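If you want the building blocks of each chain, they are given just below.
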Amino acid sequence: CGRGEFLDLLRAEGIAARGIEGNANAVRECRERGLEVALGDLVLVLRAEPRASLGGVFAAQVVEHLAPPALGALLAAAYQALRPGGLLVLETVNAASGLAFLDVFIRDLTHERPLHPETLRFMAAAAGFSEARIELRSPVPDDVRLTLLPSGALPPPATKVLNENLERLNALLFAPIDYALIATR
């Protein structure tokens, strides 16, 4: 649960929630704010939950730190712990964005493997989740993207071709920084 921001939001909405965190300092800070947080490993905690007992599981910026076997274990444990209709939400760095990969993902030495959105969606579906979908998050500001040519800068056919190519590059290089997998048990 990291610093507990999501737990704070849930508490403000009157939704009962608890967190798991592997960093003892973060656990202490969360507890000092009155949040219910345990020190532990997410997969082990989910495996210990009664089958079909949880309404939701949320993890932000976690799955990119897991090797494929551990990610598979997380998906399987979440599936078992969630009740029918329960939601799994996993937010991570968008490896399909050049900027996210080159400026965010590779900066953190604890990142294990980039996860293309479709790879994570496929893994969730393979683990039994239905309605696994991807929502893109954290759009890149327009002033960072490549600028299209104004009309009249070149002959219209050249402007059209160059702008189409710039739009393709923008889509590859500057796709949103993060995405969330949202999957239903």
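Described in the following lines is the structure provided in the data block. (Residues numbered from 1 in each chain as written. Predicted model: local features only at pLDDT ≥ 70, side-chain atom pairs only at ≥ 80, totals over all residues. Heavy atoms only, no water.)

Turning our eyes to something else, we now look at unusual backbone geometry. Backbone geometry at A52 places phi at a positive 60 degrees, although glycine is not the residue there. Turning to its location among the elements, A52 is positioned in the loop between α3 (42-48) and β3 (54-60). At S138, a residue that is not glycine, the phi angle is positive and equals roughly 55 degrees. Tracing the backbone shows S138 in the loop between β5 (130-137) and α7 (156-173). You can call S138 partly exposed: its relative accessible area is 33%. (Helix = DSSP H or I, 4+ residues; strand = E, 2+ residues; numbered from the N terminus. Buried < 20%, exposed > 50% of the residue type's maximum accessible area, 1.4 Å probe, protein only.)

This paragraph deals with the environment of A17. Looking at where A17 falls in the secondary structure, it is placed in the loop between α1 (5-12) and β1 (19-21). On the basis of relative accessibility, which here comes to 33%, the residue A17 falls in the partly exposed class. For A17, the contacting residues outside a window of four places in its chain are L7, L10 and E36. (Contact = heavy atoms within 4.5 Å.)

Before going further, it helps to examine helix α4 (residues 68-81). For α4, which comprises 14 residues, the first-to-last C-alpha distance of 20 Å matches the rise-based estimate of 20 Å (1.5 Å per residue) to within 8%. All of the buried residues in α4 are L71, A73, L74, L75, A77, A78, Y79 and A81. (Expected span 1.5 Å × (residues − 1).)

The next subject is the nonpolar core. Nonpolar side chains in soluble globular proteins tend to end up buried together. Within the largest apolar cluster, 25 residues are counted, with the highest numbers of intra-cluster contacts made by L46, L88, L90, F129 and L181. Every element with two or more residues in this core is listed here: α3, β3, α4, β4 (82-93), α6 (117-126) and β6 (178-184). Among the elements that make up this core, the one with the highest residue count is α4 (8 residues). Ignoring sequence-local partners within four residues, the contact set of L181 consists of L88, V89, L90, L120, R121, A124, A132, R133 and I134. In this structure, A100, F105, F174 and I177 belong to the second largest nonpolar core, which totals 6 residues. (Core = buried A, V, L, I, M, F, W, Y, C linked by side-chain atoms within 4.5 Å.)

Of all the 7 residues making up β6, 7 are buried; the element is thus mostly covered by neighbouring parts of the structure. Of the two faces of β6, the one carrying D178, A180, I182 and T184 and the one carrying Y179, L181 and A183 are both buried. Bridging between β4 and β6 involves 7 bridges; their strand directions are antiparallel. Bridging across to β6, V93 finds its partner in D178. In this structure, β5 lies alongside β6, joined through 6 bridges in antiparallel fashion. Counterpart to S130 in the pairing with β6 is T184. (Pairing = 2+ DSSP bridges.)

We now examine the state of the cysteines. Evaluated as defined, the whole model comprises 0 disulfides. Cysteine C1 shares no disulfide, and the gap to the nearest cysteine sulfur, in C30, comes to 4.4 Å. Taking the relative accessible area as the measure of exposure, C1 reaches 33% and is therefore partly exposed. (Disulfide = S-S within 2.5 Å.)

The next thing to look at is the pattern of salt bridges. Throughout the structure, instances matching the rule amount to 10 salt bridges. One salt bridge in this structure joins E164 and K160, with 2.8 Å as the shortest N-O distance. With E164 and K160 both in helix α7, this residue pair falls 4 residues apart, about one helical turn. Members of the salt-bridge network, linked through shared partners, are D8, R11 and R33. (Salt bridge = Lys/Arg side-chain N within 4 Å of Asp/Glu carboxyl O.)

On to the sheet that holds β3, then. Spatial strand order, β3-β4-β6-β5: 4 strands in an open sheet with mixed pairing. The outermost strands of the open sheet, each flanked by one partner alone, are β3 and β5. Here the strands of the sheet are splayed against their neighbours by 10 degrees on average, with no regard to which way each runs. (Axes fitted to C-alpha atoms, helices over the stretch in contact; angles between N-to-C directions.)

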